[in-house]
Amino acid sequence: GEGEGEEADDGRYRVELKNIQIDLKSAFVKGEANNIEAVEAFTSELKKHRCFESVETSDTTRLSFGDRQDWLRFQLKVVVDCAAKTDEGDKKEEK
């Protein structure tokens, strides 16, 4: 049938970043993605970076208007710590 949007979604993840704030200790990323799997794939890629101690999705909202209908708007909170993963054995001194 026509106009079902199948050709638009070819199974690829689409992530569009709208806003990135980063400093020495943390980062906030806002963006839009075509589905939740895209958000999860993007998040898990970020987690592979040695300076990103943790990556959390803090908020996702489904868009219900415009040409991005059914996309997700997401926010990520990243804890930045380059020292953490350079230590062998990943020891943490938290008591």
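What this report covers is the structure whose coordinates are included nearby.

This part is about the overall build of the protein chain. Scanning the protein chain for helices and strands turns up 1 helix and 4 strands. Counting helices and strands in the order they occur from the N terminus, the protein chain gives β-β-α-β-β. Put simply, the protein chain has 95 residues, and 24% of those count as buried. Taking as baseline every contact in the protein chain between residues at least 6 positions apart, the subset at least 24 positions apart corresponds to 55%.

Of note in this structure, Asp-70 is not a glycine but carries a positive phi near 75°. With respect to the helices and strands, the residue Asp-70 is situated in the loop between strand E3 (52–62) and strand E4 (72–80).

This paragraph deals with the state of the cysteines. In a disulfide, the sulfur atoms of two cysteines are held together by a covalent bond. In the structure shown here, the tally under the stated rule is 1 disulfide. One disulfide in the model links Cys-51 with Cys-82; its S-S distance is 1.9 Å. Here the S-S torsion is close to 110°, and the disulfide linking Cys-51 with Cys-82 is therefore right-handed. Taken as a pair, Cys-51 in the loop between helix H1 (36–47) and E3 and Cys-82 in the segment after E4 lie far apart in primary sequence, 31 residues in all. When its relative accessible area of 9% is taken as the criterion, Cys-51 is described as buried. Among the residues examined, Cys-82 registers a relative accessible area of 33% and is labelled partly exposed.

Each value, and the rule that gives it
- Residues numbered from 1 in each chain as written.
- Predicted model: local features only at pLDDT ≥ 70, side-chain atom pairs only at ≥ 80, totals over all residues.
- Heavy atoms only, no water.
- Helix = DSSP H or I, 4+ residues; strand = E, 2+ residues; numbered from the N terminus.
- Buried < 20%, exposed > 50% of the residue type's maximum accessible area, 1.4 Å probe, protein only.
- Contact = heavy atoms within 4.5 Å.
- Disulfide = S-S within 2.5 Å.

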